[in-house]
Amino acid sequence: MDECLLLDAGSGGRASQRLIAQCFMRHFANPLLERMDDAALLTDISGPLAMSTDSYTVTPLFFAGGSIGSLAVHGTVNDVAMLGARPRYLSCGFILEEGLPLETLERVVADMGAAAREAGVSIVTGDTKVVPRGACDKIFINTTGIGQVFASPSPSGHNARPGDVVLVSGAMGDHGLTVMGSREGLSFLTDVASDSAPLNHMIEDIINTVGEVHVLRDPTRGGLATTLNEIAEQSQVSILLDEASVPVHEAVRNGCSFLGMDPLYLANEGKCICIVPESSAEAALEAMRRSPYGKEAARIGTVTEGKAQVALQTRIGGRRLLGMLEGAQLPRIC
């Protein structure tokens, strides 16, 4: 291969075929993809199905704990899993800038392949476009996922009920602060790493352990506070959080304090919110903690009747409302 991408790598001709064979097929190879048809024929999956799509434009492309490649797999796998589904297949579409070093592209693709293998999903179809210099910033990736729903009923943001308990699978704010630190070269954030991870196996264990799970969500853009506001509005309930119970790593807390940020509004890419009946809370926590991605799981709040809103019981005994994120604390974090 050439050292850098040329426009003809997206032309559909021999240069495109070389790129597919020498880069994508090396890391994504599976029988469905190797057929090289215009679409993947999926004969071993039946409904009900969950489907999600997302696009990734993060900068920098590589950061402590992950890259745009692993993020593109984890984000879509997790979105499908939050509906109580087993993710099975992914598509991926690349928008690549002319002149991109092939070494950079291969690192991203290798990360995607490794992330897909850990999650147990196959990348079965895709597309590549190469655009002129300046038409995009290095790499944009879109992934679409499909999975079989096994939970009955399926978790939904509409299902939170008064008396339910709010759980999280770990500490908040790691991903958002890591990306900012990497982008700006902030040396005092070197102890912070992204939490990007596939949560589908943990989610399946939670559902198999406790049975009915009312809500599962991953608090990505907008963080914990914004996602809980979305749930409160969908379910028309009030949610009360206990600030002292919300796990936040000390390095993240200190970094946010220095930068004037709130970890409750920072993005997470390997954490989930789980809302269950009170009687299932301890079993759900135990299931989370069996996973390497849920060892810091915690009970952080309760669902009550009342106006659709989120309130925070502060460490000093006061109470304040947590609204949705206004504006953007950090651009291009996923």
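Calculation criteria
- Residues numbered from 1 in each chain as written.
- Predicted model: local features only at pLDDT ≥ 70, side-chain atom pairs only at ≥ 80, totals over all residues.
- Heavy atoms only, no water.
- Helix = DSSP H or I, 4+ residues; strand = E, 2+ residues; numbered from the N terminus.
- Rg over C-alpha atoms; globule rule 2.2 N^0.38 Å.
- Contact = heavy atoms within 4.5 Å.
- Areas by Shrake-Rupley, 256 points an atom, 1.4 Å probe, with all protein chains shown as cover.
- Lys, Arg positive; Asp, Glu negative; His and termini not counted.
- Charge placed at Lys NZ, Arg CZ, Asp CG, Glu CD.
- Phe/Tyr/Trp six-rings, centres within 6.5 Å; stacked < 30°, edge-to-face > 60°.
- Buried < 20%, exposed > 50% of the residue type's maximum accessible area, 1.4 Å probe, protein only.
- Lys NZ or Arg CZ within 6 Å of the ring centre and 35° of its normal.

(A) The arrangement of the overall build of the protein in detail. What the protein contains, in helices and strands, is nine helices and 13 strands. Its C-alpha atoms give the protein a radius of gyration of 21 Å, within 12% of the compact-globule value 20 Å for 334 residues. Overall size of the protein, expressed as C-alpha extent along the three principal axes, is 65 × 50 × 30 Å. Look at the contacts in the protein between residues 6 or more apart in sequence, and 85% of them connect residues 24 or more apart. Accessible surface, the protein as shown: approximately 14300 Å² in total, 50% of it carbon and sulfur. Within the protein, the 39 negative side-chain charges are centred at a point lying 0 Å from the centre of the 26 positive side-chain charges.

(B) Fine view of the packing of aromatic side chains. Within the structure shown, the criterion is met by two aromatic pairs. Arranged with centres 4.9 Å apart and planes meeting at 40°, the rings of Phe24 and Phe94 form a pair that is tilted. Of this pair, Phe24 sits in helix H1 (residues 14-28) while Phe94 is found in strand E4 (residues 85-97), placing the two residues 70 residues apart along the sequence. Note on Phe24: relative accessible area 6%, which makes it buried. Relative accessible area serves as the criterion here: at 2%, Phe94 is assigned to the buried category. An aromatic cluster is present here, built from Phe24, Phe28 and Phe94 joined pairwise through their rings. Between the NZ or CZ atom of Arg86 and the centre of the ring of Phe150, over which it lies, the distance is 4.3 Å. In this structure, Arg107 is placed above the aromatic ring of Phe62, and the distance from its NZ or CZ to the ring centre is 3.6 Å.

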